[in-house]
Every structure is written in structure tokens, then in C-alpha cells.
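Survey of secondary and tertiary structure
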2 protein chains.
Amino acid sequence: MKVAVLSGGIGGARFVAGLRDALATGDQDEAQVTVVGNTADDIWLFGLRVCPDLDTVMYTLGGGIDPDRGWGRRDETWHAKEELAAYGVEPAWFGLGDRDLATHLVRTQMLGAGYPLSEITAALCARWDLGVTLIPMTDDRVETHVVIDDAGAPDGRRAVHFQEYWVRLHAPVAHAVVPVGADKASPGPGVLEAIADADVLLVSPSNPVVSVGTILAVPGIADAVRSTGAAVVGVSPIISGSPVRGMADRLLPAIGVDVSAAAVGVHYGARSHGGLIDGWLVDDSDSDALPELTDAGLLARAVPLYLSDRDTSRALAAEAVELAGSIRRNAG
Amino acid sequence: MKVAVLSGGIGGARFVAGLRDALATGDQDEAQVTVVGNTADDIWLFGLRVCPDLDTVMYTLGGGIDPDRGWGRRDETWHAKEELAAYGVEPAWFGLGDRDLATHLVRTQMLGAGYPLSEITAALCARWDLGVTLIPMTDDRVETHVVIDDAGAPDGRRAVHFQEYWVRLHAPVAHAVVPVGADKASPGPGVLEAIADADVLLVSPSNPVVSVGTILAVPGIADAVRSTGAAVVGVSPIISGSPVRGMADRLLPAIGVDVSAAAVGVHYGARSHGGLIDGWLVDDSDSDALPELTDAGLLARAVPLYLSDRDTSRALAAEAVELAGSIRRNAG
């Protein structure tokens, strides 16, 4: 069985880890998992190319992640960051650990040597034993910017890099979210093939705007999702009207979507109605949303959605795969 | 009083620290010290520009040095280096600490933005309170390569970067030492002025081949030393036929100079005979070399030369300044 997953950072990484566990413990040992990672969070910092979502997936699947923070390396130190701050070099708000730095050094040096991000990602992942194939959504530069209020700006607003919006400013009201460069980007090598060839395509419970939304903003990817023969199942990143983690509630309004499990499912939309997914998992606590989702053409189920540990991640991923199986049986 | 110093790494840095102490405790509070630092040790590593000698002077004078190693930062960790090795990225033999990395990140980012090394060095030093002005010998790229035996090479020899020769290979027999790029380099901003305007010009007990020799290899610098109105005093890096530290004994033969305090003094040569120095300090244990040095036209003295601590460094620097004073009085 071939499984493809669209994934952002922490939530997606944990979901994919659960998926790997779920497929390894069942009859699905031969399953091949390809993760299409969001790169619109990427940023140049101190002359280094940092890819937060790719690295979070790589570290999480490879066992190098800090399990408490959910990002960055375990047993991390912050001495280079301290010294950069002592030199007065900005930005001081980004958490760049000493171990993590090595990843960015390797990536930046390879970029300078002319390698595309996809080959660099494969080279970095070769060190870690992911058990899945991680590929960037694009080799092109895409960086999400967010338009926020700025009383000092001529028109009262300014655009900041997503990382500044998120990490430094802690997600103030967003008026617009723009994945700069996405319109001219091409899908990374293997992305369209992974989607087209999949038996199951999963949309992880990542941010619908700045993780999944930016992947889908690369021309060709949304069309591939609409036309794949795979069963497409998404997992709600919203539980009981709040994001499972992160600050998705600050960004959904910017694209006109309510902060609810139903609204996000309807936002993706049923493929039978020209949308992007066939099935949608919401949390047990959101079971009253099922009729609305069914009306929208989705095969929706309510299951325990909160990823509190490895077991719950595995159980949720198994539910997603099972729902995809139902969809394929119905289609067959 | 204006004092200029030609300096390499550890030995030069400790000598300059002693000089700063000596000038601060005497009547010389108004002394201005300019250190012309060797940059031929510089190397690109992991995409970063590393300037070992400049940084050793900066960290030593700024109080950030690891006092035991004599290079790199105190309270250093090596996590990025560990991770680079885990990725299989070479070279693994260079000691790049996490705190130290910040210096190279700032430097590399500024180089990428178009700043010359001299301005970058000033910006980095602004954080540290050196009490002296540190300027690179040149803004141009100069990298010392050493020709060594290599049984596998077509002609039985190969050239390696000085850092590889020194750090990785531990100084095997050297057939030639070539400061690549020096012939086309220009003295850095302020270098010729510092030498021309100095009252006292000191040649630190740094390696005569790959530290002082490479500074003097930049066209214009040796001529400035020959013609300055300053009294020029050098300090022997050789005590009793052995280098005070490092492996100068492996490199002096490559330029046809014996490993002795007398031979190095004669190698620099008396300015009255077309050479580069007026005075030369040797260790007490080398006092039998004084007649040969005097015959060569040098004002030579035997003093305690070994820099074991801050007091001995200060005492030696004071001797050098005092000898320069004698030379100036004699000239006057």
C-alpha cells in the first residue's frame, strides 16, 4: 500500500509517527509512506537556510526531536544563540540550538554548492532512520508572510515573515496570509507522483492556512489531489473550536473560515463536489458536526483526536487509514 | 606612544595581552596599540569563514578565550561539531565550538552582505573590550598551503591547507610553504599607516613562517617595516632550539632557517643591513647567541622569554618596549 501525507510541523510530524507505528504493527508492513512537507515556513537566519517543518518531521521520525517542546533537538544547548545575541545580531527571538545548527549548516552549504532542497533533504534524512520518505513540497523558495496591524506604517499595516508573526509576535490578528513565491513555484520532485500513485492520501492535522494551505498553493498540487485515485482523508486540527496546538485560530479568520472542525472540513471540501478530500475525522467532542459534514459530501467520523502520546497518535492514524479503506471499498 | 604589533595566534595574542598590561601599569596610559593580525590561517569550513588568528587575539584580549587550550571560547560546547560528524560532513578534525560558531556566522553573513574583513573584524571586536585595535593584514583572501610528502601522488608530493597540515596531520615534514594569494593581496586598511606612524613596532613571538612570514608576504608590508621611523623589536619564538609552542621547528627548515633563536633573528635581519628589525629578544638560556646577533647588526638582549602566565607576558612585553626605547634613544 502506498500512503502519501501532506504535513506541516509538530502536529503533522506526530501524526506521521503514529501512521508509521500503525502501519508497522498491522498487516501493512509493505506500506510505503511519502510525506510531502511544507516549506513555506522556511527562513534565512544568520545566513543559514532553516526549514522548520521539514526538520520537525525529520527529527520526530528519526528520534532526535525534543519530545517536550515538539521542535528542535533533544539534549540541545543554546550557546551559539547566546553569542549571536551578545554580538547584537538580530533576530534574537528564533530558537536556533547548537545541535540543530549543524542541520542548517549542511543544508546551506549544499544549497551553495547547487543542490536542490529535495536532494539536500534526502541527504539529511539518510542519517536518520525515518521509515518514511520525506520530500519538500517544492524546491523553489516560498515564504509565507502575514499582514498585521502596524500603527506606525503609512497604511496602518505591514507584512511580516510567518516566523516573526508566529515566534516573535505570538500571532496577532492577521488580515491576510500570502505564501510569497508559491504562484511561481513548481512541485518538488516526486510530489505529484506520490499523490497520483497513492492508495491513501492523508491530510495531517496541520495548520490549514500556513501548512496544508501553502502546500496546496503550489500550482499543480491541488489538482493532483483532486484527481488522484487515492482515498483522501483529512484530520481536523480543530477540537471543540480550538486548535489542538499552535494558533490556527488566529489564521483561519484571515481566510474566512470559522474556527471549527466542521468549517475546516467544509473548507477543504468533498472531492465529489470539486473539493480536496473524501473523508474527514473530527474529535468525539465534535460529533454534532457530522451531519453538516455529511451534507457537504464528506464521509465523516468522530474519533479521539487529541495526540497525547505515541498510542493515541497510532490509534488516530489507524482510524484515518481505516476510513480511507472504507472509502476505497465504497468506491470499488 | 603608538605601538604596532605583527601577530599570529596564541603566542602573539598572549604577548599582546602582556603588552596591554605593561602599558596600562606604567606611565604609558595614553599608548595606542594596533595589532596587525595574520589571516593566512583562515579557512572556509562548512560554508563559514573562520579566522583562527584574528579570533584568538580577539578572544584572548576580550577575556573570552579558553585559557587552557589557548584557542577557542571558554565554557565551550561541541554539539554542532558532533552533529556535523554524525551527518558525515568533513572535515571532522577542526575544532569548531558552539560559542565560536556565532563569530563565524556573523562574519560569514557580513561577508555575504559585502563588508570587507577589516570592517567585520571591527564590528566583532566592538563586542569585546580589547583595549587595542585589531586589524587584519589584508582584506583579500590569502590561504597558506604546505607541500608535504604523499606516496600516492604522481610526483610524490601534495599541497594541503595549513589548517589540515597543522591540525589534522600534526605538521609532517614540509617541503614548501606557500601563502596562496599573498602576491596579489593588498595590505588591509590602516596596516601601512599603523606601521609607518608607530613609535614602536613589535614582532611578536609568533611563527616566523606561517604567521609573521605571511603578514610580511603581503606586498608593501615588509617595505613599510623597513622604512618606518619606529624602533622595531622582535621576540624569538624559539627557546633553546625548540619552539615555545606550536610546531615552528617543522616549518623553519622549509624556508632554510635553523631552529634557533639566533637563526630566526638573523632571518629577520637588521634594518641597518636591509633587514626588518632593530632589536631582538632571546631567552636567558640562549644568551650565547648574543654575539652572533650583535655581529648581524641587531641590538639583542637575553631575558626570560617563556610566557607562563600574565605576569611573565607583561614582563616580556615591557622588556620589548624598553629595548625599543633604547633603540630610539640611540637613534636620537
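Everything below is about the structure printed above this text.
Here's what I pulled together on the structure shown here. Here the structure is a predicted model, which means the values were calculated and not measured. Residue numbers here run from 1 along each chain, matching the order of that chain's written sequence. Each chain gets a letter, beginning with A, and each ligand a number, beginning with 1, in the order they are written. Residue-level local features of this predicted model are given only where pLDDT is at least 70; pairs of side-chain atoms are given and counted only at 80 or more, and the full residue set underlies all totals for whole chains, interfaces and linings. With hydrogens and water excluded, all non-hydrogen atoms of the structure serve as input to the side-chain values.

Description of the relation of the copies chain B and chain A
Here the copies were fitted onto each other by least squares, based on C-alpha atoms from residues at pLDDT of at least 70 in both. With an RMSD of 0.0 Å, chain B superimposes on chain A once it is rotated by 180° and translated 0.0 Å along the axis. Such a turn and shift between the copies fits a two-fold axis. Scanning chain B for the C-alpha nearest the rotation axis identifies Asp 98 of chain B, at a separation of 3.0 Å. Contacts are assigned to residue pairs with any non-hydrogen atoms lying within 4.5 Å of each other. A high fraction, 100%, of the interface residues of chain B reappear at the interface in chain A, so the copies pair face to face through one surface.

Let's talk about the packing of helix H2 (residues 52-62) of chain A against helix H4 (residues 98-112) of chain A
All names here are of chain A. Each axis is a line fitted through C-alpha atoms, taken for helices only over the stretch in contact, and angles between the N-to-C directions span 0 to 180 degrees. Comment: elements are numbered from the N terminus, with helices defined as DSSP H or I runs of at least four residues and strands as E runs of at least two. Remark: H2 packs on H4, axes separated minimally by 12 Å, with the N-to-C direction vectors making an angle of 125°. Taken as axis vectors, H2 and H4 run oblique relative to one another. As H2 runs across H4, the sense of the crossing is right-handed. Residues Asp 55, Met 58 and Tyr 59 of H2 form the contact with H4, whose own contacting residues are Asp 100, Thr 103, His 104 and Arg 107. We call two directions roughly parallel when the angle between them is under 35 degrees, roughly antiparallel when it is over 145, roughly perpendicular when it lies between 65 and 115, and oblique otherwise. Helix crossings are classified by the rotation of the near helix relative to the far one: an anticlockwise turn of less than a right angle makes the crossing left-handed, while a clockwise turn makes it right-handed.

With respect to the side chain of Asp 55 of chain B
Inspection of the secondary structure assignment puts Asp 55 of chain B in helix H2 (residues 52-62). Among residues more than four places away in sequence, those in contact with Asp 55 of chain B are Asp 100, Thr 103, His 104 and Arg 107 of chain B.

So, the environment of Val 303 of chain B
Residue and element names in this part refer to chain B. Along the chain, the position of Val 303 falls in strand E14 (residues 299-303). With 20 residues separating them along the chain, Val 303 and Asp 283 place their C-alpha atoms 5.1 Å apart. Residues contacting Val 303, with those up to four places away along its chain left out, are Leu 281, Val 282, Asp 283, Asp 284, Leu 316 and Glu 319.

As for the interface of chain B and chain A
Note on interface size: it is often stated as the accessible area lost on association of the parts. In this complex, chain B contributes 26 residues to the contact, which on the side of chain A involves 26 residues. Both sides together, the interface formed by chain B and chain A hides about 2,300 Å², and carbon and sulfur atoms give 62% of it. What counts as a salt bridge is simple: a side-chain nitrogen of Lys or Arg found within 4 Å of a carboxyl oxygen of Asp or Glu. Remark: the boundary between chain B and chain A carries eight salt bridges. Two residues, Arg 99 of chain A and Glu 82 of chain B, come together in a salt bridge whose shortest N-O distance is 3.3 Å. By residue number, the principal contributor to the side of chain B that touches chain A is helix H4 (residues 98-112) of chain B, which donates eight residues. Classifying every residue of the side of chain B that touches chain A by side-chain character gives 15 nonpolar, five polar and six charged. Buried area adds together the accessible area that both of two parts lose upon being put together, with accessible area traced by a 1.4 Å probe. Each residue gets one label: Ala, Val, Leu, Ile, Met, Phe, Trp, Tyr, Cys and Pro are nonpolar, Asp, Glu, Lys and Arg are charged, and the others, such as Gly, are polar.

Notes on helix H3 (residues 79-86) of chain A
Three- or four-residue spacings in an α-helix give side chains the same orientation, since the helix completes a turn every 3.6 residues. Throughout this description, buried means an accessible area under 20% of the type-specific maximum (1.4 Å probe, protein chains only), exposed means over 50%, and partly exposed covers the range between. Those residues of H3 of chain A that sit buried are His 79, Ala 80, Glu 83 and Leu 84 of chain A. Along the long axis of H3 of chain A, the arc covered by the buried residues comes to 140°, so they all point the same way. Packing partners of the buried residues in H3 of chain A comprise H4 of chain A together with H4 of chain B. Trailing H3 of chain A by a residue or two, Gly 88 of chain A shows a phi angle of about 75°, which is positive. In this description, the arc belongs to the directions extending from the helix axis to the C-beta atoms.

With respect to the pattern of salt bridges
Residues and elements named next belong to chain B. Summed over all chains, the structure comprises 36 salt bridges over all chains. A salt bridge links Arg 301 to Glu 322, with the shortest nitrogen-to-oxygen separation between them at 2.6 Å. Taken together, the residues Arg 301 in strand E14 and Glu 322 in helix H13 (residues 310-331) connect sequence positions 21 residues apart. Taking the relative accessible area as the measure of exposure, Arg 301 reaches 26% and is therefore partly exposed.

What about the sheet that holds strand E6 (residues 143-149) of chain B?
Residue and element names in this part refer to chain B. Read across the sheet, three strands follow the order E7-E6-E8 without closing on themselves; strand pairing throughout is antiparallel. In the strand order of this sheet, the two ends are held by strand E7 (157-161) and strand E8 (174-180), each with one partner. Neighbour to neighbour, the strand axes of the sheet diverge by 25° on average, direction disregarded. Looking at chain direction, E6 and E8 are connected through six bridges and run antiparallel. Within E8, the residue paired with Ile 148 across the bridge is Ala 174. Paired strands are those between which DSSP finds at least two bridges.

Everything listed is a geometric property; what it means functionally is a separate question.
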